[in-house]
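Chain by chain, the residues:
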Amino acid sequence: MQRTFNRTWRESIDDLIEQLENIQQQIEALKDEEQTAYDNMPEGLQCSERGETITEAIDNLESAESSVEETIDYLTSAK
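Report follows, based on the coordinates.

Cut-off values and rules
Residues numbered from 1 in each chain as written. Predicted model: local features only at pLDDT ≥ 70, side-chain atom pairs only at ≥ 80, totals over all residues. Heavy atoms only, no water. Helix = DSSP H or I, 4+ residues; strand = E, 2+ residues; numbered from the N terminus. Rg over C-alpha atoms; globule rule 2.2 N^0.38 Å. Salt bridge = Lys/Arg side-chain N within 4 Å of Asp/Glu carboxyl O. Buried < 20%, exposed > 50% of the residue type's maximum accessible area, 1.4 Å probe, protein only. Core = buried A, V, L, I, M, F, W, Y, C linked by side-chain atoms within 4.5 Å. Contact = heavy atoms within 4.5 Å. Patch = residues over 30% accessible without salt bridge, like charges linked within 9 Å, V, L, I, M, F, W, Y side chains within 5 Å. Areas by Shrake-Rupley, 256 points an atom, 1.4 Å probe, with all protein chains shown as cover. Lys, Arg positive; Asp, Glu negative; His and termini not counted. Charge placed at Lys NZ, Arg CZ, Asp CG, Glu CD. Expected span 1.5 Å × (residues − 1).

### Examining the overall build of the chain
And step 1. Each helix and strand in the chain was counted, giving three helices and zero strands.
And step 2. Taken from N to C terminus, the helices and strands of the chain fall in the order α-α-α.
And step 3. Expected size for 79 residues packed as a compact globule is a radius of gyration near 12 Å; at 18 Å, the chain overshoots this value by more than 25%.
And step 4. Across its three principal directions, the C-alpha atoms of the chain cover 65 × 15 × 10 Å.

Have a look at this one:
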């Protein structure tokens, strides 16, 4: 009985890790889109409020991506 529980528990963690990896990929795609938008802006607009807003969004997406990666690491260690 204990083996079944452990296997089921580990499978649940594996499922969570898979979901988080998908989320991480989506965050990375959004970050890349924002970075491309910023890179394609004229230099004058990059220094504007709009450019600063995009830069802040990129930073926040990078932080979110790192947090998801950290969560994946914790879950992997818990198995």
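Here the narrative resumes, following the displayed structure.
### Examining the pattern of salt bridges
And step 1. Tallying each qualifying case throughout the model produces two salt bridges.
And step 2. The residue Lys 79 makes a salt bridge to Asp 14 at a minimum N-O spacing of 2.6 Å. With Lys 79 in the segment after α3 (49-78) and Asp 14 in helix α1 (residues 2-39), this residue pair connects regions lying 65 residues apart in the sequence.
And step 3. A salt bridge links Glu 65 to Lys 31, with the shortest nitrogen-to-oxygen separation between them at 3.0 Å. With Glu 65 in helix α3 and Lys 31 in helix α1, the pair connects residues that are 34 residues apart, well separated along the chain. Of the two residues, Glu 65 and Lys 31, neither departs from the other in class, the shared state being buried.

### A closer look at the nonpolar core
And step 1. In terms of nonpolar packing, the biggest core is built from eight residues, these being Ile 13, Ile 17, Leu 20, Ile 27, Leu 61, Val 68, Ile 72 and Leu 75.
And step 2. Where this core is concerned, the elements lending two or more residues are α1 and α3.
And step 3. In this structure, Leu 75 is in contact with Ile 13, Leu 16, Ile 17 and Leu 20, ignoring residues within four places of it in sequence.

### Points about a negative patch on the surface
And step 1. A surface patch of like charges, here negative, comprises Glu 11, Asp 15, Glu 18, Glu 21, Glu 69, Glu 70 and Asp 73.
And step 2. Mapped by element, the contributors of at least two residues to the negative patch are α1 and α3.
And step 3. In terms of residues, the negative patch owes the most to one element, α1, which gives four residues.
And step 4. With respect to the helices, strands and loops of the structure, Asp 73 is situated in helix α3.

### Points about α3
And step 1. Compared with the 44 Å implied by 1.5 Å per residue over 30 residues, the 43 Å span of α3 between its first and last C-alpha is a close match.
And step 2. Regarding α3, the residues found buried are Gly 51, Ile 54, Ile 58, Leu 61, Glu 65, Val 68, Ile 72 and Leu 75.

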